[in-house]
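Observations on the three-dimensional arrangement
Each chain is listed here by its residues.
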Amino acid sequence: MLTGLAAGALVGAGYLSRRNLARTQRLTGIIPIVTPFIDIEMAEGVLAVMEHLPDDRVTIVLHTLGGCVTACVLIANALRQFRDSTAVVPYMAISGGTLIALSAMRLEMGGRASLSAVDPQIMGQRVKHLAEVKDKPSIAALAHEYDVSMRKYVRGALRKHLPEERLGPAMDLFIGEHAPHEWPIQRPEVEAVGLAVTPAASKWAALVDRYRGRAW
């Protein structure tokens, strides 16, 4: 995920515009987040659709490379407030997309789908590396704040799915302690740390394909 310092250049990129997102209210309880980059405008649209859902139930269909930390956390926070929530990843939900997926009560993944680490980045650098920069104390301080906040947030998300004694390996996996930020995490690895994953039905890949086809 990108912090606010680095997100501006990518704002507005996407397959599924906010206007089209609003039309998805006819798909009762289903919100597709099909976009290369989740920006604040996309978060506003998702929250608006959530606000008008008739039931306390939602299914988020994710196909994204991540996005702005603030935007992704806004969506994840809102998702956590539903009594019944499902995140579906037919192909990929990278970085901030993974953060959103972990915030749902249930996770469904396609057979070839991937998640990734969720640790944030500043100016293209992982904050856990920038936190050790000595010659730029202000950047190091900001990086430390993001690192601490994201670790706490991810632990809170995982605690809803795992007992305390299993949090360590799951945190290592999703904070990216032993792999690059964007390194794909497939379903067997997710299941290996104890998270329950249901195979995603083919209809969800078809839904993503329809939205992607409008741009491709």
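Our subject is the structure that appears above.
Residues numbered from 1 in each chain as written. Predicted model: local features only at pLDDT ≥ 70, side-chain atom pairs only at ≥ 80, totals over all residues. Heavy atoms only, no water.

Let's talk about the overall build of the chain
Broken down by element type, the chain carries 10 helices and 9 strands. Per-residue burial over the chain gives 50% buried out of 216 residues. When contacts within the chain are restricted to residue pairs at least 6 apart in sequence, those whose partners lie at least 24 apart make up 70%. Surface accessibility of the chain: about 10,300 Å² in total, with carbon and sulfur atoms responsible for 53%. (Helix = DSSP H or I, 4+ residues; strand = E, 2+ residues; numbered from the N terminus. Buried < 20%, exposed > 50% of the residue type's maximum accessible area, 1.4 Å probe, protein only. Contact = heavy atoms within 4.5 Å. Areas by Shrake-Rupley, 256 points an atom, 1.4 Å probe, with all protein chains shown as cover.)

Here we look at the pattern of salt bridges
Taken as a whole and assessed by the stated rule, the structure comprises 9 salt bridges. The partner of Asp84 in a salt bridge is Arg57, with the nearest N and O atoms 3.5 Å apart. Taken together, the residues Asp84 in strand β3 (residues 84-89) and Arg57 in strand β2 (residues 57-63) connect sequence positions 27 residues apart. Here Asp84 falls in the buried class, since its relative accessible area comes to 16%. When salt bridges that share partners are traced, they join Asp55, Arg57, Asp84 and Arg106 into one network. (Salt bridge = Lys/Arg side-chain N within 4 Å of Asp/Glu carboxyl O.)

Here we look at the sheet that holds strand β9 (residues 198-199)
Within the open sheet, the 5 strands sit side by side as β1-β2-β3-β4-β9. Their pairing is parallel. The open sheet terminates on both sides in strands that have one partner only, identified here as β1 (30-34) and β9. One ladder, built from 4 bridges, connects β3 with strand β4 (residues 106-109); its direction is parallel. Counted as the bridge partner of Val88 is Glu108 from β4. Sheet strands in contact with helix α3 (residues 40-51) are β1 and β2, and its direction is about 175° off that of β1. In this fold helix α10 (residues 202-213) packs onto β1, β2, β3 and β4, with an angle of close to 55° to the strand it touches most, β1. (Pairing = 2+ DSSP bridges. Axes fitted to C-alpha atoms, helices over the stretch in contact; angles between N-to-C directions.)

A few points about the state of the cysteines
This model, assessed by the stated rule, comprises 0 disulfides. Counting only cysteine sulfurs, Cys72 is the nearest neighbor of Cys68, a cysteine outside any disulfide, at a range of 7.0 Å. A relative accessible area of 7% means that Cys68 is categorised as buried. (Disulfide = S-S within 2.5 Å.)

Structural notes on the packing of aromatic side chains
How two aromatic rings sit relative to each other is set out by the distance from centre to centre and by the angle between their planes. All told, the structure shown has 0 aromatic pairs when counted by the stated rule. Residue placement shows Arg80 over the ring face of Tyr153; its charged tip is 3.9 Å from the ring centre. (Phe/Tyr/Trp six-rings, centres within 6.5 Å; stacked < 30°, edge-to-face > 60°. Lys NZ or Arg CZ within 6 Å of the ring centre and 35° of its normal.)

With respect to the pairing of β3
In terms of burial, β3 is a largely internal element, 6 of the 6 residues being buried. With burial as the criterion, each face of β3 is covered, one bearing Asp84, Thr86 and Val88 and the other bearing Ser85, Ala87 and Val89. Sheet topology places β2 next to β3; 5 bridges connect them, and they run parallel. Bridge pairing links Ile60 to Ala87 in β3.

By themselves, these are just geometric observations and shouldn't be taken as functional.
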